[in-house]
Each structure stands twice: as C-alpha cells, then as structure tokens.
Amino acid sequence: MDSPTFSEPLTNYSELIQTLLSNIEVLVNDDNADEARPLLDTLNVKLKQWCESSDGPSAKQLELIQLRINTILVKANSAKNESSKAIIKHKKSGKAIKAYKASR
C-alpha cells in the first residue's frame, strides 16, 4: 500500500497525520526544522479536518498525536539550544583570539 501524499484525496486521516509527523521528525532529526513549516501547516489543517469530520479521532488517538508532537518539539528545542551554545562559544572564542592578538 502506498503512503498517502498531501495532495490526493484523504481516505485515512490517521495514516496521513502519522506520515506528516514522520516527515517533520526526519527534518528535525536532520537539523532542518526550519523546513518543516509547510508540513506543520498541513498537519494543522488535516487535524482540524479530521476533528470536524463525521469519523473524527478518539481521545486516545489525539493523546498519542500530542505525545508525538511533544517528543518532536523536545528534540527541536534541544537542537536549538545546542546551536545557541555553539554560537555563543564561537563568539567568545573569537573575542578571546582578538584580545590575545591585541595584547601581542
């Protein structure tokens, strides 16, 4: 069975939501979280459509989706923090080098 694409008619919201979450998670894991915005927008639209459909998700399904989203956010925030630390360290070492060169 082929995985659903974002443009074809939706037959299984749960499957599409999981595919979107997987694609977002791949981007986050590959340090490309900035590229996830279109997928996040699509995820939001599809979740809303699913919730408003006659065959909406159960509370358990929504809890699992929220748990997966939270897990992805934790990874994204951790990567962001590590990037910030690396940038600060780089700036500090650059200042130290300038100060050292100025003292010579």
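As shown above, the structure is provided for reference.
In this text, all values refer to a predicted model and were calculated from it rather than measured experimentally. (Residues numbered from 1 in each chain as written. Predicted model: local features only at pLDDT ≥ 70, side-chain atom pairs only at ≥ 80, totals over all residues. Heavy atoms only, no water.)

Things to note about the overall build of the protein chain
A tally of regular secondary structure across the protein chain gives three helices and zero strands. Shown N-terminal to C-terminal, the secondary structure of the protein chain runs as helices and strands in the order α-α-α. Buried residues in the protein chain amount to 18% of all 104 residues. Contacts in the protein chain between residues at least 24 apart in sequence constitute 50% of all its contacts with a sequence separation of at least 6. Total accessible area on the protein chain is roughly 7,900 Å²; 54% of this is exposed by carbon and sulfur atoms. (Helix = DSSP H or I, 4+ residues; strand = E, 2+ residues; numbered from the N terminus. Buried < 20%, exposed > 50% of the residue type's maximum accessible area, 1.4 Å probe, protein only. Contact = heavy atoms within 4.5 Å. Areas by Shrake-Rupley, 256 points an atom, 1.4 Å probe, with all protein chains shown as cover.)

Thoughts on the packing of aromatic side chains
The full count for this structure, using the stated rule, is one aromatic pair. Plain terms: the ring middles of Tyr-13 and Trp-50 are 6.2 Å apart, the flat faces sit at 10° to each other, and that makes the pair stacked. Placement of the pair is Tyr-13 in helix α1 (residues 13–29) and Trp-50 in helix α2 (residues 37–52), with a sequence separation of 37 residues. (Phe/Tyr/Trp six-rings, centres within 6.5 Å; stacked < 30°, edge-to-face > 60°.)

Structural notes on the nonpolar core
Ranked by size, the top nonpolar core spans 14 residues in total, and within it Ile-17, Leu-21, Ile-24, Leu-43, Leu-47 and Ile-65 carry the most contacts. If you list the elements that add at least two residues to this core, you get α1, α2 and α3 (59–103). Non-local contacts of Leu-43, meaning those with residues more than four positions away in its chain, are made with Ile-17, Leu-20, Leu-21, Ile-24 and Ile-69. (Core = buried A, V, L, I, M, F, W, Y, C linked by side-chain atoms within 4.5 Å.)

Details of α1
Under the 1.5 Å per step criterion, the end-to-end length of α1 is 24 Å for 17 residues, consistent within 8% with the ideal 24 Å. Buried within α1 are the following residues: Leu-16, Ile-17, Thr-19, Leu-20, Leu-21, Ile-24, Glu-25, Leu-27 and Val-28. A distance of 3.2 Å separates the backbone nitrogen of Ser-14 from a side-chain oxygen at the start of α1, and that oxygen is part of Asn-12. Backbone geometry just downstream of α1 places Asp-31 in the positive-phi region, at approximately 60°. (Expected span 1.5 Å × (residues − 1). Polar contact = N/O pair within 3.5 Å; in protein donor to acceptor, adjacent residues only side chain to side chain.)

What about the packing of α1 against α2?
α2 packs onto α1 with a crossing angle of 160° between their chain directions and a minimal axis gap of 10 Å. With respect to each other, α1 and α2 are oriented roughly antiparallel. Where α1 crosses over α2, the handedness of that crossing is left-handed. Contacts between α1 and α2 pair Tyr-13, Ser-14, Leu-16, Ile-17, Leu-20, Leu-21, Asn-23, Ile-24 and Leu-27 from the former with Leu-39, Leu-40, Thr-42, Leu-43, Lys-46, Leu-47, Gln-49 and Trp-50 from the latter. Considered class by class, the residues forming the contact of α1 with α2 number 12 nonpolar, four polar and one charged. (Axes fitted to C-alpha atoms, helices over the stretch in contact; angles between N-to-C directions. Parallel < 35°, antiparallel > 145°, perpendicular 65-115°, else oblique. Left-handed = near helix turned anticlockwise from the far one by under 90°. Nonpolar A, V, L, I, M, F, W, Y, C, P; charged D, E, K, R; others polar.)

Some thoughts on the pattern of salt bridges
Opposite charge on two side chains permits pairing when their charged atoms draw close. Summed over all chains, the structure comprises three salt bridges. Via salt bridges that share partners, Glu-25, Arg-68 and Lys-75 belong to a single interconnected network. (Salt bridge = Lys/Arg side-chain N within 4 Å of Asp/Glu carboxyl O.)

Here we look at a positive patch on the surface
Together, Lys-91, Lys-92, Lys-95 and Lys-98 line one region of the surface with positive charge. The topology assignment puts Lys-92 in helix α3. (Patch = residues over 30% accessible without salt bridge, like charges linked within 9 Å, V, L, I, M, F, W, Y side chains within 5 Å. Lys, Arg positive; Asp, Glu negative; His and termini not counted. Charge placed at Lys NZ, Arg CZ, Asp CG, Glu CD.)

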